[in-house]
Amino acid sequence: METFNLLWSGLVVALTPANLLFAGIGVLLGTLVGILPGISPSLTVALLLPITFKMDPTGSIIMFAGIYFGGMYGSSTTAILLNTPGEAASIATAIEGHRMARAGRGGPALSTAAIGSFVAGTVATICLAFLAPVLVDLAVKFGPWDYFALMVLAFVTVSATFGSSVLRGITSLSLGLVLGLVGIDKLTGQARLSFGMPALLDGVSVTTLAVGLFAIGEALHIASRYRGVAEAVETVRGSLWMTLDDWKRSWKPWLRGIGLGFPIGALPAGGAEVPTLLSYTIERKLAVKPEEFGQGAIEGVAGPEAANNAAATGTMVPLLALGLPTSATAAMLLAGFQQYGIVPGPLLFVTNADLVWGLIASFLIGNLMLLVLNLPLVGLWVRLLAIPQPWLYAGILVFAAMGTLAANPSAVELAMLFTFGFMGYLLRCWDYPIAPMIVGLILGPMAESQFRRALQISMGDGWVFFKEPTSACLLALAVLALIAPLIFKRLRQFKAEDA
Amino acid sequence: MGDVNHDTSNAAGPPWKVLAAVGVALLALAALVYVNSRDLSAPAIAGVGPAAAQLLVAGLLALLGVVHLIQAYRQYVPVQAEIMPANSNVNTTGVLWILGGLMALMICVATGAGFVLGASSLFVATARAFGQPIGIKSTAIAFSLTLPVYLVFTKGLGLSLPTGLLERLLTV
C-alpha cells in the first residue's frame, strides 16, 4: 500500500508540465535515434550529458529515461521495416517482423511491438516499484565488502557470461578499468597514469569515451563496409490495426516476454539481448503454427519486444537500488546522476525520494506517450529511414564532435575522441564487445573506493571479502558466472566431436 | 572452400595475427600500468593506497595478454592465414576520409580556426567516405547544419564551443 502512495507522489512530480515536457522530448528524441541506424540510446544520453549540465536534475533524468524507452520503440520499427536492427536486442524482432512487413502485414507487426512494449513497460515498472524498496532495505545492511563483491559480480556478468567470448568481454572490461584509473586519486590526491599531461588529471570523460566508441567507431565500421548500395525500406501497406486473431496470438507471448525480461534485467546480468532471444526460442517451441516461424509469425515479434522492454525496465532495479549499472545505457544514466552529484543507491530513496519516484512514475507516462505518439507517427518515422547515408553519418559525426567539445573545448579532448573512435572501430572489426568498456570506466572507480574502504575497516586484512557471508556468496557467484560459459562451450565442443 | 574458411574464422573470433598483436599490446599496457604504479607513495595508516588497484588491473591485463597469446598459438595455421579474405573487402578509403575529417577538426580547434569551419570539414569528409563527392552540395549542407548548431548551442544553451574568425563575425 505504501508503494502505491509513493508511486502516486511520484506521479504528481512526473505530471508537472515541465517534467511532462522533458518526458515528451525524451521519448521523441529516443524514437528518432532508435530509428536512425548508427545512433544508440546510450550515445544520445552521452551527447546530451554536457548539454543538460545546467538543467534541472529531475527533468533531465526523466528525459534520459525517455530516450532509453523511446530508443527501443524506434529500433523495433527499423527492425521491422528495414531488417536492420537498430540495437542488438531487436535482432529477434527483425527475423519475424521484417517477414511480416514484406508480406504486407507491417502494420500489425508494428502494433503488436508497440502495444506489447507498452504492456511490458507498465507491468515491469510496477514490479520495479515493488522490488526496489525491498532491495533497498537489504542494501542498507551492506558493508563495503558486499558492495565490492556485488560490483565484481556485475563486471563478470556484463562482460563474460552472456557475450560471445569470455576472453574478449573481459579484455574490453579491463581496458575500461585502465581508463578509470587515469587521473587524480580522490583519497590521496596523487596522479595516476597521467604522464605529466594536465588534461589527463581530471580523468577520462565518459562522454568522450562513449561518443568515440559508439559514434566514431560505428561510423568508421560502416564506412569500411560501404559498397554504395542502400537497403530497401519496406513501406507499411494495409491496416495498422491488429485483427482479433492477432490479439489472441499476441497476449500470451507478451506476458511470457515480461516473465523472462524483467527478472533477467533485474538480476545484475545486463543487456536485453538474452531475454529477447530466449523469448523468441520459447515462442517458436510453443507456437500453434510453428511452420509460420521464419515466414512472419506475430508471436515472434510480440514476445521478444515485450521481453526487451521489460528487461530495460528491469535494469533500473539494480541501477536505482544499488547504484549498479548493468548495460551501456544504464551506465550512461549513472553518469547522468553523477553529473548532478546524485549517487544512486539505497540512500537515494531517502535523500531524493521525489526524484526517484518521479522517475519511476515517468516510466509509466513515457510508455503511454510512446504508445499514443508512435503508431500515428509511423509515416513520419519511415521517412526518416530514407535519409541518405552520407548526410546521416556526416550529421552524426558533427553532433558527436559538438557534444565532446561542449564538455571540454580543447584539441586534446578531440585527440582522445579520435583515439577512442579508432579503438571502437578495431573492437568492432575483431568482435570485441563495447559495453563492458563503458561499464568498466564508470564502475571501476566505484569498485576501487569500496575495495579500499573495506580494507581500511578491516585494518588491511584481505580475507574480509571471504569472511563476510554475503560478499563470499557474491564472489562465489561471480566465479561461477565466469566459469559457466566456458564449461558450456566445452560441453558443446565435446558433443560436436561426438556426433 | 573460401566461404567455409571465412565462416569458421568468424565463429572462432579474430584471426591469430590479431590475437597475437592484442596479446602483445595488453602485455605492454600491463607493464606501463605497473611501472606507473611504482611512483605512488605508500599506503596511509590502514588499508591500501592508490597503487593497489593499479597492480590488480596490471595483473589482470598481463593474464589476458598471456591468454591471448596462447589462443593465437593454438589458432596458428599458416596456410589458412594465406587465404583469409578479411582484408579484401574493407573500404580503407572511407575509413581514412573520416579519420582525416577528424584531424581537420582537431587542427581547426588547435589553430583557432573555430568550430564552424572544423565541423564543416568533418561533415564534408564523412559524406565523402560514404560516396558523396566533395562539392557545392555537400559544403552547402555542411554549413547550413553547423552554423545553426553553433548559434543554438552557444546562444541558446550557453555552452562554449571553440571560436574563430567566422564565429566572431557572426556574434558581433
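Bear in mind the structure is a predicted one, so any value in this text is a computation, not a measurement.

Reading the values: the criteria
Residues numbered from 1 in each chain as written. Chains lettered and ligands numbered in written order. Predicted model: local features only at pLDDT ≥ 70, side-chain atom pairs only at ≥ 80, totals over all residues. Heavy atoms only, no water. Helix = DSSP H or I, 4+ residues; strand = E, 2+ residues; numbered from the N terminus. Contact = heavy atoms within 4.5 Å. Areas by Shrake-Rupley, 256 points an atom, 1.4 Å probe, with all protein chains shown as cover. Core = buried A, V, L, I, M, F, W, Y, C linked by side-chain atoms within 4.5 Å. Buried < 20%, exposed > 50% of the residue type's maximum accessible area, 1.4 Å probe, protein only. Patch = residues over 30% accessible without salt bridge, like charges linked within 9 Å, V, L, I, M, F, W, Y side chains within 5 Å. Salt bridge = Lys/Arg side-chain N within 4 Å of Asp/Glu carboxyl O. pLDDT = per-residue confidence, 0-100. Axes fitted to C-alpha atoms, helices over the stretch in contact; angles between N-to-C directions. Parallel < 35°, antiparallel > 145°, perpendicular 65-115°, else oblique. Left-handed = near helix turned anticlockwise from the far one by under 90°. Nonpolar A, V, L, I, M, F, W, Y, C, P; charged D, E, K, R; others polar. Expected span 1.5 Å × (residues − 1). Arc of directions from axis to C-beta. Phe/Tyr/Trp six-rings, centres within 6.5 Å; stacked < 30°, edge-to-face > 60°.

**Some thoughts on the overall build of chain B**
Helix and strand counts for chain B come out as eight helices and zero strands. Overall, chain B shows an N-to-C arrangement of helices and strands of α-α-α-α-α-α-α-α. A separation threshold of at least 6 residues defines the contact pool for chain B, and within that pool the share at least 24 residues apart is 65%. Counting every atom, chain B has about 9100 Å² of accessible surface; 69% of that belongs to carbon and sulfur.

**Description of the nonpolar core**
Grouped together as the largest cluster of nonpolar side chains are 203 residues, with contacts concentrated most on Phe64, Phe337 and Phe465 of chain A together with Phe115 of chain B. In this structure, Ala92, Tyr280, Phe293 and Ala297 of chain A belong to the second largest nonpolar core, which totals five residues.

**Observations regarding a nonpolar patch on the surface**
Residue and element names in this part refer to chain A. Residues Val479, Leu482, Ile483, Ile487, Phe488 and Leu491 make up a contiguous nonpolar surface patch of roughly 520 Å² in combined accessible area. Locating leucine 491 in the fold gives a position in helix α22 (residues 469-498). Judged by its relative accessible area of 44%, leucine 491 is partly exposed.

**Section: the confidence of the model for chain A**
Chain-level pLDDT for chain A is 85 on average; 94% of the residues reach the 70-or-more range. Across chain A, the element-wise mean pLDDT spans from 79 in helix α17 (residues 378-384) of chain A up to 93 in helix α8 (residues 166-181) of chain A.

**Describing unusual backbone geometry**
Residue and element names in this part refer to chain A. Unlike most non-glycine residues, leucine 193 shows phi in positive territory, near 50°. When you line up the elements, leucine 193 lands in the loop between β2 (191-192) and α9 (206-224). The phi dihedral of aspartate 431 falls on the positive side, at around 65°, and the residue is not glycine. Accessibility expressed as a relative area gives 37% for aspartate 431, which makes it partly exposed.

**Here we look at the packing of helix α11 (residues 273-286) of chain A against helix α12 (residues 299-314) of chain A**
Residues and elements named next belong to chain A. Put simply, α11 and α12 touch, their axes get as near as 8 Å, and they point 150° apart. By the criterion of interaxial angle, the relationship of α11 to α12 is roughly antiparallel. α12 is crossed by α11, and the crossing has right-handed handedness. Contacts from Pro275, Thr276, Ser279, Tyr280 and Glu283 of α11 reach α12 at Glu299, Gly300, Gly303, Pro304, Ala307, Asn308 and Ala311. Looking at the contact of α11 with α12 residue by residue, the classes come out as five nonpolar, five polar and two charged.

**Details of the environment of isoleucine 264 of chain A**
Topologically, isoleucine 264 of chain A is positioned in helix α10 (residues 244-266). Remark: the alpha-carbon pair of isoleucine 264 of chain A and threonine 78 of chain A, spanning 186 residues in sequence, is separated by 25 Å.

**Overview of helix α2 (residues 16-37) of chain B**
With 22 residues, α2 of chain B should reach 32 Å at 1.5 Å per residue; the first-to-last C-alpha distance of 31 Å fits that figure. Those residues of α2 of chain B that fall on the buried side of the exposure criterion are Val18, Leu19, Val22, Gly23, Leu26, Ala30, Val33, Asn36 and Ser37 of chain B. Along the long axis of α2 of chain B, the arc covered by the buried residues comes to 155°, so they all point the same way. In α2 of chain B, the exposed positions angled more than 90 degrees off the buried face are occupied by Lys17, Val24 and Val35 of chain B. Where α2 of chain B is buried, its residues meet α8 and β2 of chain A together with α3 (51-75) of chain B.

**A look at the packing of aromatic side chains**
All names here are of chain A. Scanning the model with the defined rule gives 15 aromatic pairs over all chains in all. Relative to phenylalanine 130, the ring of phenylalanine 4 lies with its centre 5.5 Å away and its plane at 75°, an arrangement referred to as edge-to-face. Separated by 126 residues along the polypeptide, phenylalanine 4 in helix α1 (residues 2-14) and phenylalanine 130 in helix α6 (residues 106-139) bring together distant segments of the chain. Residue classification places phenylalanine 130 among the partly exposed positions, given a relative accessible area of 36%. Plain terms: the ring middles of phenylalanine 451 and phenylalanine 465 are 5.5 Å apart, the flat faces sit at 5° to each other, and that makes the pair stacked.

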